[in-house]
There are 2 protein chains.
Amino acid sequence: MLLINAIGFSNSGKTTLLEVMAKHFSSQGKNVAVIKDIHSEQYQPEKEESDTWRYAQAGAQLVVGRGMQDTVFHWRHSQKLLEILGKVSADILLVEGFKDERMPRIVCATEDAQLVKLVDAHTYCISGVISEKLQEFRGIPVYNFQRDLPKIIELAEQKSTRVE
Amino acid sequence: MLLINAIGFSNSGKTTLLEVMAKHFSSQGKNVAVIKDIHSEQYQPEKEESDTWRYAQAGAQLVVGRGMQDTVFHWRHSQKLLEILGKVSADILLVEGFKDERMPRIVCATEDAQLVKLVDAHTYCISGVISEKLQEFRGIPVYNFQRDLPKIIELAEQKSTRVE
């Protein structure tokens, strides 16, 4: 399983980049999984007053909705990345927003000041909004998700973590 | 793990019964999980235009949202009950709406005609809306979730499936 990790501040272009990568790999017939870290106190995964929401309110620690085309598990605690990885099986795993994990990563940004904060020894590629105006930063290539997608994919396949 | 299974047609009172049971067992400090079978073509587990929804639309087979108090796995296929059970760990597992599984069950109903269709050799208790007007059916007790909760719990603890 190839684990491609993108981090960056809000609205830097992480989701758009990973969405394009999800489409790319899915269209090749690969099994794609995505993990998104949601930094929001307001995150409410269920529709209010839905039956699954009622079960969560009633104190259930896990609520599973088994639909006709979907299966949703809602655990009422925040799991660590490693705990999540133990439950995931895919060809390509796209990971968004886990800033503190030490692993190869793509940094998305809107401006240089963000790069100064986020680019580290694990960073092999820069992308996001800043790719409209910058081509390189500290020797790391800045790629645009529209213009340079093949280059981003190639780098990601070389540099990303492989987990089995 | 005690697996308590309730079935019945729409609006027969399944969710209300299991919700009350979830509150009861949670208030005792037990770890409660719930699995609900959702018979609806319209079931859309994610909010439209949310980032996790975008990943699902992009072809991801699994989308995980890791919040500050929640972790949600959305698999884009309908899993069999056995597959789901393999991922669940709890003291009490409440299961709603799996009509075709052969295991001990509570039947919820609004009228006799529904009981005729659903009550079988696995049925140890009847509940739901019909408990307002009926006390017994083919020798099986009909219990009301408000008036008779202790009796429903006692029967469920005696008769339900135990899975380890």
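Per chain, residue numbering runs from 1 following the sequence as it is written. Here every chain gets a letter starting at A, and every ligand a number starting at 1, in the order they are written. For a predicted model such as this one, the threshold for reporting local features is a pLDDT of at least 70, and the threshold for listing and counting side-chain atom pairs is 80 or more; totals across whole chains, interfaces and linings nevertheless cover every residue.

### Overview of the overall build of chain A
- Across its full length, chain A holds five helices and ten strands.
- In terms of overall dimensions, chain A has a C-alpha envelope of 55 × 35 × 25 Å along the principal axes.
- For chain A, long-range pairs separated by at least 24 residues make up 56% of all intrachain contacts whose partners lie at least 6 apart in sequence. Numbering of helices and strands runs from the N terminus; a helix is a DSSP stretch of H or I covering at least four residues, while a strand is a stretch of E covering at least two. Here the contact rule is simple: place C-beta atoms from the backbone, and any two residues whose C-beta atoms are within 7 Å are in contact.

### Quick word on the relation of the copies chain A and chain B
- The superposition of copies rests on a least-squares fit of C-alpha positions from residues with pLDDT of 70 or more in both. The two copies are related by a screw operation: chain A maps onto chain B through 180° of rotation and 0.0 Å of translation along the axis, at an RMSD of 0.0 Å. The two molecules are tied by a two-fold rotation axis, judged by turn and shift. Residue A:Phe73 of chain A places its C-alpha closer to the rotation axis than any other residue of that unit, at 2.5 Å.
- Comparing contact sets, 100% of the residues at the interface of chain A also lie at the interface in chain B, consistent with an isologous, same-surface contact.

### Digging into helix α1 (residues 14–27) of chain A
- Each helix should span, by expectation, one fewer than its residue count multiplied by 1.5 Å. In a regular helix each residue adds 1.5 Å, so 14 residues correspond to 20 Å; α1(A) covers 20 Å between its end C-alpha atoms and thus fits that length.
- Every buried residue of α1(A) is accounted for by A:Lys14, A:Thr15, A:Leu17, A:Leu18, A:Glu19, A:Met21, A:Ala22 and A:Phe25.
- In this fold, the buried residues of α1(A) make contact with β1 (2–8), β2 (32–37), β5 (92–96), β6 (105–108) and β7 (123–127) of chain A together with α2 (51–57) of chain B.
- Residue A:Gly29 follows α1(A) closely and has a positive phi angle near 85°. With C-beta atoms placed from the backbone, a residue is buried if 20 or more other C-beta atoms are within 10 Å of its own, exposed if 12 or fewer are, and partly exposed between those counts.

### Details of the interface of chain A and chain B
- Contacts between the two partners involve 46 residues from chain A, matched on the other side by 46 residues from chain B.
- Going through the elements one at a time, α1, β2, α2 (51–57), β3 (62–66) and β4 (71–75) of chain A are the ones with two or more residues in the side of chain A that touches chain B.
- The biggest single contributor to the side of chain A that touches chain B is β2(A), with six residues.
- Under this grouping Gly is polar, as are all residues other than the nonpolar Ala, Val, Leu, Ile, Met, Phe, Trp, Tyr, Cys and Pro and the charged Asp, Glu, Lys and Arg. A per-class count over the side of chain A that touches chain B returns 21 nonpolar, 14 polar and eleven charged.
- A pair of strands is treated as paired once DSSP finds two or more bridges between them. As judged from the five bridges shared by β4(A) and strand β4 (residues 71–75) of chain B, these two strands associate in the antiparallel manner. Note that in β4(B) the partner of A:Thr71 across the bridge is B:Trp75.

### Some points on the nonpolar core
- Think of a nonpolar core as buried Ala, Val, Leu, Ile, Met, Phe, Trp, Tyr and Cys residues chained together by C-beta atoms that fall within 7 Å. Counting residues in each nonpolar core, the largest one holds 82 residues, and the members touching the most others are A:Val34 and B:Val34.
- When residues no more than four places from it in sequence are discounted, the contact partners of A:Val34 are A:Leu18, A:Ala22, A:Leu94, A:Glu96, B:Tyr55, B:Ala60, B:Val63 and B:Val64.

### Describing the environment of A:Leu149
Residues and elements named next belong to chain A.
- Along the chain, the position of Leu149 falls in helix α5 (residues 149–159).
- Along the backbone, Leu149 and Gly59 are 90 residues apart, and their C-alpha atoms lie at a distance of 45 Å.
- Each residue touching Leu149, except ones within four places of it in the same chain, is listed here: Val20 and His24.

### Concerning the confidence of the model for chain A
- In this model, chain A carries an average pLDDT of 96, and 100% of its residues clear a pLDDT of 70 or more.
- Scoring of the predicted complex yields 0.95 for pTM and 0.96 for ipTM. Residue-level confidence of the predictor, termed pLDDT, takes values from 0 up to 100.

### Overview of unusual backbone geometry
Residue and element names in this part refer to chain B.
- Even without a glycine there, the phi angle at Glu49 is positive, about 75°.
- For Glu49, the location among the structural elements is in the loop between β2 (32–37) and α2.
- Overall, the presence of 8 C-beta atoms within 10 Å leaves Glu49 in the exposed class.
- Residues other than glycine seldom take positive phi values, yet Arg138 does so here, at roughly 50°.
- With respect to the secondary-structure elements, Arg138 resides in the loop between β8 (136–137) and β9 (140–141).
- Residue Arg138 is classed as exposed on the basis of its 9 C-beta neighbours within 10 Å.

### A few points about the pairing of β7(A)
Residues and elements named next belong to chain A.
- Where β6 lies against β7, four bridges are found, and the strand directions are parallel. By the bridge assignment for β7, Ile106 is matched with Cys125.
- Here is how to tell: hold the view so the strands point away, follow the path from the first strand over the helix to the second, and if it runs clockwise the crossover is right-handed. With helix α4 (residues 112–118) bridging β6 and its parallel neighbour β7, the resulting β-α-β unit is right-handed.

### Looking at the environment of B:Glu136
Residues and elements named next belong to chain B.
- With respect to the secondary-structure elements, Glu136 resides in strand β8.
- Sequence-wise, Glu136 and Glu164 are 28 residues apart; in three dimensions their C-alpha atoms are separated by 32 Å.
- With near-sequence residues (within four places) excluded, Glu136 lies in contact with Pro141 and Val142.

### Quick look at the pairing of β3(A)
- The element β3(A) is largely enclosed, with a buried count of five among its five residues.
- With burial as the criterion, each face of β3(A) is covered, one bearing A:Leu62, A:Val64 and A:Arg66 and the other bearing A:Val63 and A:Gly65.
- Where β3(A) and β4(A) come together, five bridges link them in antiparallel fashion. Of the residues in β4(A), the one forming a bridge with A:Leu62 is A:Trp75.
- Following β3(A), the chain reverses through four residues before pairing antiparallel with β4(A).
- In this structure, β3(A) lies alongside β2(B), joined through five bridges in parallel fashion. Within β2(B), the residue paired with A:Val64 across the bridge is B:Ile35.

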